[in-house]
Amino acid sequence: MRAPMMKIHTVAAGGGSLLQYDGSRYRVGPESAGANPGPASYRRGGPLAVTDANVMLGKLQPDLFPAVFGPNQDERLDKEAVAAKFSQIAEESGSNSPEEVAEGFLKIAVENMANAVKKISVQRGYDITKYALTCFGGAGGQHACAVADILGMRTVIVHQFAGILSAYGMGLADIK
């Protein structure tokens, strides 16, 4: 039997990917905070996640988000809770600052993303420096240029629906 297929390799490095310090090293994912409780900044008691690192570094600004977080869905992202959790890890790990910790976690997340691209391209003999990196995901635009830099790619394409690609695709799909 023949059926059209597409080979897909997923990366556990989305906004909900957990940030963990085990006493000796930082880890990003593959576990996820999910949508509920979500990252710590969602105000529902969730753990630190990639989204929170972006909040800590000012890449996500709570004032620019709607007040849809918290138990009553009427609050903004919680930067103070995020700062407290990163401060705790900074103290435990001997880092200089919570921002340094957040930056370290983001570097790992970006490396995870780049390694996933390498697995389906470079390891199969493709010279990806001649290709464009297509970005998708809610925070894809925040990380795409850093991923492209690691991969030696000079062009990044960010589609207008990049942040909602999965939901958009599900909405267009036939129900069978």
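The structure displayed is predicted, hence computed values, not measured ones. (Residues numbered from 1 in each chain as written. Predicted model: local features only at pLDDT ≥ 70, side-chain atom pairs only at ≥ 80, totals over all residues. Heavy atoms only, no water.)

A few words now on the overall build of the chain. Scanning the chain from terminus to terminus reveals five helices and four strands. Secondary structure elements in the chain, listed N-terminal to C-terminal, are β-β-α-α-α-β-α-β-α. Expressed as lengths along the three principal axes of its C-alpha atoms, the size of the chain is roughly 55 × 40 × 30 Å. Looking at the 176 residues of the chain, the share that counts as buried comes to 32%. For the chain, contacts bridging at least 24 residues in sequence account for 52% of all contacts bridging at least 6. Of the roughly 11,100 Å² that the chain leaves accessible, carbon and sulfur atoms contribute 54%. (Helix = DSSP H or I, 4+ residues; strand = E, 2+ residues; numbered from the N terminus. Buried < 20%, exposed > 50% of the residue type's maximum accessible area, 1.4 Å probe, protein only. Contact = heavy atoms within 4.5 Å. Areas by Shrake-Rupley, 256 points an atom, 1.4 Å probe, with all protein chains shown as cover.)

A separate point is the state of the cysteines. The tally for this structure, following the rule as stated, stands at zero disulfides. In this model C135 remains outside any disulfide bridge; the closest cysteine sulfur is found in C145, 8.3 Å from its own. (Disulfide = S-S within 2.5 Å.)

With that out of the way, let us pick up the nonpolar core. By size, the foremost hydrophobic cluster in this structure holds 30 residues, and its most contacted members are L19, F86, F105 and V147. Elements with a contribution of two residues or more to this core: α1 (50–56), α2 (79–93), α3 (98–120) and α4 (140–151). By residue number, the principal contributor to this core is α3, which donates eight residues. If we skip the residues at most four places from it in the chain, F86 touches L19, L48, D52, A53, M56, P98, V101, A102 and F105. (Core = buried A, V, L, I, M, F, W, Y, C linked by side-chain atoms within 4.5 Å.)

This next bit is on unusual backbone geometry. A cis amide bond, omega 0 degrees, links G29 with the succeeding residue P30. With respect to the element layout, P30 can be found in strand β2 (residues 26–32). Along the chain, N36 connects to P37 via a cis peptide bond; the corresponding omega equals 15 degrees. Looking at where P37 falls in the secondary structure, it is placed in the loop between β2 and α1. A positive phi is found at R43, a non-glycine position, where the angle reads about 65 degrees. Position of R43 among the secondary structure elements: in the loop between β2 and α1. According to the relative accessible area criterion, R43 is partly exposed, its value standing at 26%. Residues other than glycine seldom take positive phi values, yet Q73 does so here, at roughly 55 degrees. With respect to the helices, strands and loops of the structure, Q73 is situated in the loop between α1 and α2.

Take it as geometry only, folks, not as evidence of what the structure does.
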